[in-house]
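# Fold and contact review
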Amino acid sequence: MKLYQADPNLAFILRQYLDPKFLQWAEPELEKFGQLCGTEFDQRAVHTDRDGQPKLIKYDKYGEDISFVWLNEGYKKTIEQTYNAGIVGYLHKEIPTLGRRGNYLYSFAQGYLLSQVEPGFYCPVTLTMATAYLLDRYGSGELKAKFLPHIISTGDVELFEGATFLTERQGGSDVGANETKAEPFGDHYVLSGEKYFASNAGACGVAMVLGRIEGAQKGTKGLSLFLVPWRKEDGSLNGITIRRLKDKLGVRAVPSGEVVFHQAKAFLVGDASKGFSYMMEALNLSRICNTIASVGIMQRAYLEAKQYAFTRDAFGSKLKEYPMVQETLVNMRVKQEVETSASFALVDFYDKVIGQNQGTIEDQALLRLLIALLKAETAEQAIHFAHEAIEMHGGNGYIEDFVTPRLLRDAQVLTVWEGTANILGLEVLRLLTKFHIDQLFLKYIESEYDKLPLELQRLGFPMKVACEGLAKFVEQVKSASSVEQTYHCKKVAKLMTNIYESLVALQDAAIGGERKKIVARLFMKKTWQDSLSFDNEMLQLTYFNEIVDK
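No experiment lies behind these values; they were computed from the predicted model shown.

## A closer look at the pairing of strand β6 (residues 181–185)
Both β6 and strand β7 (residues 188–199) contribute to a ladder of five bridges, which runs antiparallel. Of the residues in β7, the one forming a bridge with Lys 181 is Ser 192. Linking two consecutive strands that pair antiparallel, namely β6 and β7, is a turn of two residues; a positive phi of about 65° is found at Gly 186 within it. One ladder, built from two bridges, connects β6 with strand β8 (residues 206–213); its direction is parallel. Residue Lys 181 lies in a different strand from β8, and its bridge partner there is Arg 212.

Right, here's the structure in full:
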């Protein structure tokens, strides 16, 4: 599969945001990377999922605890090729042939292609990206000089993949309950405690870990951030053991384990009182990665469903000839295109606000909101798309010879990683309370809506009406009890998501020609129409060829 060429919408997106010189370099690189993903990476992913999963070798032949995680050779080759393509490195150093750094938009375009074939491996990439972000932004000069070149390696030095360890058995999402202790020891600290769901355990070279320095206050405000090398300079374990690897439903490529620190050597990163705050910044970056992985799975599910419908005969005709199949494929294509455009609009916003440090406090709050909205929506849609692809295949869709079962298994974790829908709903509620984010959001939507051509403003009228409904609904929520606020916060988030994605569909239509206008029309109808009304137009059938065949 040539994944970049198979997705004209991605090229359309990149042309909006990348300057001509960068775009001229990026497109052939993405074509090559997409070719790798659609061939070698995809074949290796099958092996890793079925027969080559990471394995914990707990003891050596002398009975010593070595906590070694075995990775199959194909997976290690995918690691090498992906990092050498600059998916993390070019965020922090120059691209040799361009003489300038890359950006998040290019990195996430690579992640989008990678997630279509190996979303499990995109987890370690995400963790490495977060580790590099934290070290580059908050680490001391000495720490950065020693570790950052390895974390952002593109083949020039030994690669240290990253990890971020938050979750403990007694806390889960309640990070403030964490108990891992940090004790001063000369020029560093030693950590003691355990992390219960530590992804990339045994495969990472360094981990960013939250710990509590003795005497620090309880809760999240007492947590500090530490860089913990996995091994000492002599190659021995740095006071770290793995109790076991998790037997997961999906994303089996990434080793997730229970990690125990036995006075592991650790280095404080930044201000000791801001560890949780730092980690939340990294978490927002990881939530965008989660979003990109989700739309990647959506794209692969759509491609598999389309390919099957175009080749499978049933009752004397190809599946694609049947109205219900046409409706399904059109709905998948439209939703995936709009959601991908929305996700990359978010990435461009993140690049400006965080990557280039150009954002105001209000921009940062709006960014947090959009991250929460799109992370939740895309994760749910990834599961829905995987389900639709399975149903399109019928019984074959349930057979592991096809990619569809793995898509569903891999998609399921995306609703859990980096915050469930409930956690994200609470994030929206916090933003409503602290920043009056509803007013910022509606002001932004109205400003962008007013820039649209009159034709598209008329098409977007249901969204305009929804904005009025949102304003009234949020006022009710704000004046309600805490129990009622919590109950309704996800409904607020869902309405905001529909409004934001509708705006993106209209913005694409304003610059993307007739086909994008059809996409916007279909998206608006699907999002805002009364589901109980009789559909005389049946636009999905009218525009099947324009949407699915092109």
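Next comes the rest of the account.
## Structural notes on the packing of aromatic side chains
The description of an aromatic ring pair uses the distance of the two centres, along with the angle that the planes make with each other. Applying the stated rule across the entire model yields 15 aromatic pairs. Seen from their ring centres, Phe 22 and Trp 25 are 5.7 Å apart, and the 75° between their planes marks the pair as edge-to-face. On the criterion of helical spacing, the pair formed by Phe 22 and Trp 25 is a turn pair, its members being three residues apart in helix α2 (residues 20–50). For the pair shown, Phe 22 and Trp 25 are each scored as buried. Ring geometry for Tyr 104 versus Phe 108: centroids 6.1 Å apart, planes at 25°, classification stacked. Here Tyr 104 pairs with Phe 108, and both are found in helix α4 (residues 104–115), just four residues apart, close to one helical turn. Like Phe 108, Tyr 104 is buried. Members of the aromatic cluster, connected to one another through ring pairs, are Phe 22, Trp 25, Tyr 90 and Tyr 106. Note that Lys 58 overlies the ring of Tyr 59, its terminal NZ or CZ placed 6.0 Å from the centroid. Here the guanidinium or amino end of Lys 306 rests over the ring plane of Phe 310, the centre of that ring lying 5.7 Å away.

## With respect to the domain arrangement of the chain
The domains assigned to the chain are domain 1 (3–152), domain 2 (162–273) and domain 3 (424–549). Centre-to-centre separation of domain 2 and domain 3, based on C-alpha positions: 41 Å.

## Quick word on the packing of helix α5 (residues 119–138) against helix α6 (residues 141–151)
One way to put it is that α5 packs onto α6 with a least axis distance of 10 Å and a crossing angle of 155°. Taken as axis vectors, α5 and α6 run roughly antiparallel relative to one another. Handedness of the α5/α6 crossing: left-handed. Between α5, through Thr 128, Thr 131, Ala 132, Leu 135 and Asp 136, and α6, the contact on the second element is made entirely by Leu 143, Lys 144, Phe 147, Leu 148 and Ile 151. When its residues are assigned to classes, the contact of α5 with α6 shows six nonpolar, two polar and two charged.

## Quick look at the nonpolar core
One finds Phe 108, Tyr 122, Phe 165, Phe 441 and Met 496 to be the most contacted residues of the largest nonpolar core, which totals 186 residues. For this core, the element with the most residues is helix α7 (residues 275–311), which contributes 17 residues. For Phe 108, the contacting residues outside a window of four places in its chain are Tyr 122, Met 129, Leu 285, Ile 288, Cys 289, Ile 292, Phe 344 and Val 347.

## Describing the state of the cysteines
One pass over the full model with this rule turns up zero disulfides. Residue Cys 204 stays outside any disulfide, its sulfur separated by 11 Å from that of Cys 123, the closest cysteine. Looking at the unpaired Cys 289, the closest cysteine sulfur is the one in Cys 123, lying at 9.5 Å.

## Considering the environment of Gly 219
In this structure, Gly 219 sits in the loop between β8 and β9 (223–229). The partly exposed category is assigned to Gly 219, whose relative accessible area is 24%. Beyond its immediate sequence surroundings of up to four residues, Gly 219 is in contact with Gly 176 and Arg 212.

The rules behind each value
- Residues numbered from 1 in each chain as written.
- Predicted model: local features only at pLDDT ≥ 70, side-chain atom pairs only at ≥ 80, totals over all residues.
- Heavy atoms only, no water.
- Pairing = 2+ DSSP bridges.
- Helix = DSSP H or I, 4+ residues; strand = E, 2+ residues; numbered from the N terminus.
- Phe/Tyr/Trp six-rings, centres within 6.5 Å; stacked < 30°, edge-to-face > 60°.
- Buried < 20%, exposed > 50% of the residue type's maximum accessible area, 1.4 Å probe, protein only.
- Lys NZ or Arg CZ within 6 Å of the ring centre and 35° of its normal.
- Domains from an automatic or database assignment.
- Axes fitted to C-alpha atoms, helices over the stretch in contact; angles between N-to-C directions.
- Parallel < 35°, antiparallel > 145°, perpendicular 65-115°, else oblique.
- Left-handed = near helix turned anticlockwise from the far one by under 90°.
- Contact = heavy atoms within 4.5 Å.
- Nonpolar A, V, L, I, M, F, W, Y, C, P; charged D, E, K, R; others polar.
- Core = buried A, V, L, I, M, F, W, Y, C linked by side-chain atoms within 4.5 Å.
- Disulfide = S-S within 2.5 Å.

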